[in-house]
Amino acid sequence: MEKTMKAIIYDLDGTLLDTEPLSTVAINNVITEYYAEHKIAEDEQRGLVDEALKSRIIGMNDHDWSRVVIKELALAHMKPEAIVQGWLDHLKLLFPTVDAMPGAKCVVDAGRAMGFVQCIATSSSAGSVALKRQRHEDMFGMFRTIVTGDDPAIKRGKPAPDIFLLAAERIGVAPEHCVVFEDSPFGVTAAKGSN
C-alpha cells in the first residue's frame, strides 16, 4: 500500500533554528558558576560539556539531559532543577538572537506552497520556544501547531515517539502520512517509532 505524505513535522533545535551552540554556551556558563561557587579547584573539575557529551544529550528533555550532565561531570551538589533553571536563565539572554538554520525558511516555504500541513514537535519547553521564535515569526506563522516537551500530554520524551504522535494527532493527520525532519539520534529514533 502506498503512503501519501500529507504533513511535515519539524524538530526545532538544530533543524529549523541554530540553537545548539547557544545551548552549549549556556550549560557551560552554569557549570563554570557551579565550580566557582563551590570553590572546586581546576585540577578537581571534570570539565565542561564538550561535543562528545553534547552529542549524547542532544534531543533529550530537560529532566533527562540535566541528570546525564550532573552524573558525567560529577556535579555532586547540583540539583537537576538548578542546572536547568540556570541554563534557562542564560538562554533568556541568548535565544532572542538565534539564527535560522541555513535553508530552513526555504524548506518551510516550499512545504507550505506544496500544501502540506506543517507543525513543530520539540523537546524544548514552551517558554524557551517563545524566546527562540522572536526573530522568526514569519516562519513560525506557517505552522498549524507547536508541541513542546513540557506539554502535559507527553508522558515520555525522545527517543519515545510520544511527541510526534501527539503532533500528528493535533494536526489531524495519521502518523503514517507524516514525514519528520529531525537532526538528533534520539529524535530520529522517536520519529521512526511513530509510524
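For the structure itself, look to the data block above.
Below is a summary of the structure that appears in this document. Here the residue index of a chain counts from 1 through its sequence in written order. It should be noted that, the model being predicted, local features are given only for residues of pLDDT at least 70 and side-chain atom pairs only at 80 or more, the latter also being counted only at that level, while totals for whole chains, interfaces and linings use all residues. By convention in this description, side-chain values take in all heavy atoms of the structure and omit both hydrogens and water.

## Topic: the sheet that holds strand E3 (residues 145–148)
Strand order in this open sheet of four strands is E3-E2-E1-E4, and the pairing throughout is parallel. Each end of this open sheet is capped by a strand with a single partner; those strands are E3 and strand E4 (178–181). Strand-to-strand twist of the sheet, defined as the mean angle between neighbouring strand axes without regard to direction, takes the value 20°. As paired elements, strand E2 (residues 117–122) and E3 share four bridges and run parallel to each other. Bridge assignment links Ile120 to a residue of E3, and that residue is Ile146. Its contacts with the sheet put helix H5 (residues 104–113) on strand E1 (7–10), E2 and E4, and the angle it makes with E2 is roughly 140°. At least two DSSP bridges between two strands are needed for those strands to be called paired. Only DSSP runs of H or I with at least four residues qualify as helices, and only runs of E with at least two residues qualify as strands; both kinds are numbered from the N terminus onward. Orientation is described by lines fitted to C-alpha atoms, with helices fitted over the stretch in contact, and by angles between N-to-C directions that extend from 0 to 180 degrees. Here, residues are in contact when the closest pair of their heavy atoms is within 4.5 Å.

## Observations concerning the packing of aromatic side chains
Two rings belonging to Phe, Tyr or Trp (six-membered ring only in the last case) form a pair when the distance between their centres is within 6.5 Å. Interplanar angles under 30 degrees mark stacking, angles over 60 mark edge-to-face geometry, and anything in between is tilted. All told, the structure shown has five aromatic pairs when counted by the stated rule. Taken together, a centroid distance of 5.9 Å and an interplanar angle of 80° make the contact between Phe140 and Phe143 edge-to-face. Given the relative accessible area of 2%, Phe140 is considered buried. One aromatic cluster is present, formed by Tyr10, Phe140, Phe143 and Phe181 through successive ring pairs. Residue exposure (1.4 Å probe, protein chains only): buried if accessible area is under 20% of the type maximum, exposed if over 50%, otherwise partly exposed.

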